[in-house]
Amino acid sequence: MGRDSTREKIITAGSRLLADGGREAVSTRAVCAASGVQSPTLYRLFGDKNGLLDAIAAHVFESYLADKAALPETGDPVDDLRRGWDLHVGFGVANPACYSLIYGTDRPGAESPAARRAAAELAKRIRRIAEAGRLRVGEEHAAHLVHAAGCGMTFTLISLPESERDPALSRAARESAIAAVTTDGPGTADTGPTGLAVALRALAPQLTALTGAERALLAEWMDRLAAAGR
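What counts, and at which threshold
Residues numbered from 1 in each chain as written. Predicted model: local features only at pLDDT ≥ 70, side-chain atom pairs only at ≥ 80, totals over all residues. Heavy atoms only, no water. Core = buried A, V, L, I, M, F, W, Y, C linked by side-chain atoms within 4.5 Å. Buried < 20%, exposed > 50% of the residue type's maximum accessible area, 1.4 Å probe, protein only. Helix = DSSP H or I, 4+ residues; strand = E, 2+ residues; numbered from the N terminus. Contact = heavy atoms within 4.5 Å. pLDDT = per-residue confidence, 0-100. Salt bridge = Lys/Arg side-chain N within 4 Å of Asp/Glu carboxyl O. Axes fitted to C-alpha atoms, helices over the stretch in contact; angles between N-to-C directions. Parallel < 35°, antiparallel > 145°, perpendicular 65-115°, else oblique. Nonpolar A, V, L, I, M, F, W, Y, C, P; charged D, E, K, R; others polar. Phe/Tyr/Trp six-rings, centres within 6.5 Å; stacked < 30°, edge-to-face > 60°.

### Some words on the nonpolar core
For soluble globular proteins, nonpolar side chains are generally found buried alongside one another.
Now for step 1: In this structure, Ile 10, Phe 46, Phe 61, Ile 102 and Tyr 103 are the most contacted members of the largest nonpolar core, which totals 31 residues.
Now for step 2: Broken down by secondary-structure element, the contributors of at least two residues to this core are α1 (3–21), α2 (28–35), α3 (39–46), α4 (49–70), α6 (96–103), α7 (113–131) and α8 (139–159).
Now for step 3: If near-sequence neighbours (up to four positions away) are discounted, Phe 46 is found in contact with Arg 7, Ile 10, Ile 11, Gly 51, Leu 52 and Ala 55.
Now for step 4: Membership of the second largest hydrophobic core comes to 21 residues, among which are Ala 143, Val 146, Leu 157 and Val 198.

### Some words on the confidence of the model for the protein chain
Do not read the predicted coordinates in detail wherever pLDDT is low.
Now for step 1: For the protein chain, mean pLDDT is 84; residues scoring 70 or higher make up 90% of the total.
Now for step 2: Within the model, pLDDT remains below 50 along residues 186–191, and this stretch shows 13 contacts once partners closer than five positions in the same chain are excluded.

### Notes on the pattern of salt bridges
Now for step 1: Summed over the entire model, instances satisfying the criterion amount to twelve salt bridges.
Now for step 2: For Asp 79, the salt bridge goes to Arg 82, with nearest N and O atoms at 3.8 Å. Taken as a pair, Asp 79 and Arg 82 lie in helix α5 (residues 77–94) at a separation of three residues, close to a single helical turn.
Now for step 3: Taking relative accessible area as the criterion, Asp 79 reaches 31% and is therefore assigned partly exposed.
Now for step 4: When the shortest N-O distance is used, the salt bridge between Glu 175 and Arg 82 registers 2.8 Å.

### Section: the packing of α4 against α7
Now for step 1: Between α4 and α7, whose axes approach to 8 Å, the crossing angle comes to 20°. Taken together, the axes of α4 and α7 are roughly parallel relative to one another. From α4, Asp 54, Ala 57, Ala 58, Phe 61, Glu 62, Leu 65, Lys 68 and Ala 69 reach across to α7, where they touch Pro 113, Ala 114, Arg 117, Ala 118, Glu 121 and Arg 125.
Now for step 2: Looking at the contact of α4 with α7 residue by residue, the class counts come to eight nonpolar, no polar and six charged.

### Considerations on the environment of Ala 179
Now for step 1: Looking at the element boundaries, Ala 179 is found in helix α9 (residues 167–181).
Now for step 2: Distance in space between the C-alpha atoms of Ala 179 and Leu 135 is 9.8 Å, their sequence separation being 44 residues.

### Quick look at the packing of aromatic side chains
To describe a pair of aromatic rings, one takes the distance between the centres and the angle between the planes.
Now for step 1: For the structure shown, the criterion picks out four aromatic pairs.
Now for step 2: Centre to centre, the rings of Phe 61 and Tyr 103 are 6.4 Å apart; their planes meet at 80°, and the pair counts as edge-to-face. Of this pair, Phe 61 sits in helix α4 while Tyr 103 sits in helix α6; the two residues are 42 residues apart in sequence, bridging distant segments of the chain. Exposure class is identical for Phe 61 and Tyr 103. Each is buried.
Now for step 3: Ring geometry for Tyr 99 against Tyr 103: centres 4.8 Å apart, planes inclined by 50°, an arrangement best described as tilted. Of this pair, Tyr 99 and Tyr 103 both sit in helix α6, four residues apart, which is roughly one turn of the helix. Here Tyr 99 and Tyr 103 have matching classes, each one buried.
Now for step 4: An aromatic cluster is defined as three or more aromatic residues linked by ring pairs; in this entry it consists of Phe 61, Phe 91, Tyr 99, Tyr 103 and Phe 155.

Written out as structure tokens, the structure is:
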């Protein structure tokens, strides 16, 4: 059996264990038994248990990431952010064990590859809002706030009995987070110093009339203005 097929066999077995019994069920011994692979092979392919868990999470998360990346962009980047939120929460509620594995990390300061990819998709949506002049705060601040609110809402829904999972909770949290970082609607760009600074910061990489050093300096200035306006 080739390296790739062996790796896939181990990940598939681990994914089943995760879905059936949660993170605690995904021991290296259990994965080896379920996949019919010896532990030295597992460690050679994944390095350690954390590497195995990251690979399993990425495997299960792949369909969600593909769906999120495929969401068509509309003329309203804030509404696009809403649809991304709903997709995120829906995935977490449908796949609680995988979601907890990705976002409930016990490694402070460490981020799984799946979480990094999801964060990159969120950052792209936040960047479009900034480019439209509709972001109240800096891009990084906005992304952290939306991410924290979305994760918190998802974990809350996961913790509730299915009969008590009111969709209105997610909608309310979504709109609160969006209101905290964006202006009210299309055509209502924030023309104050903070809004202008955030918009110009987002557009800085496209200002090819400036040198790279000048664009970097402009970005630094706009970041400072946006931070001062919070």
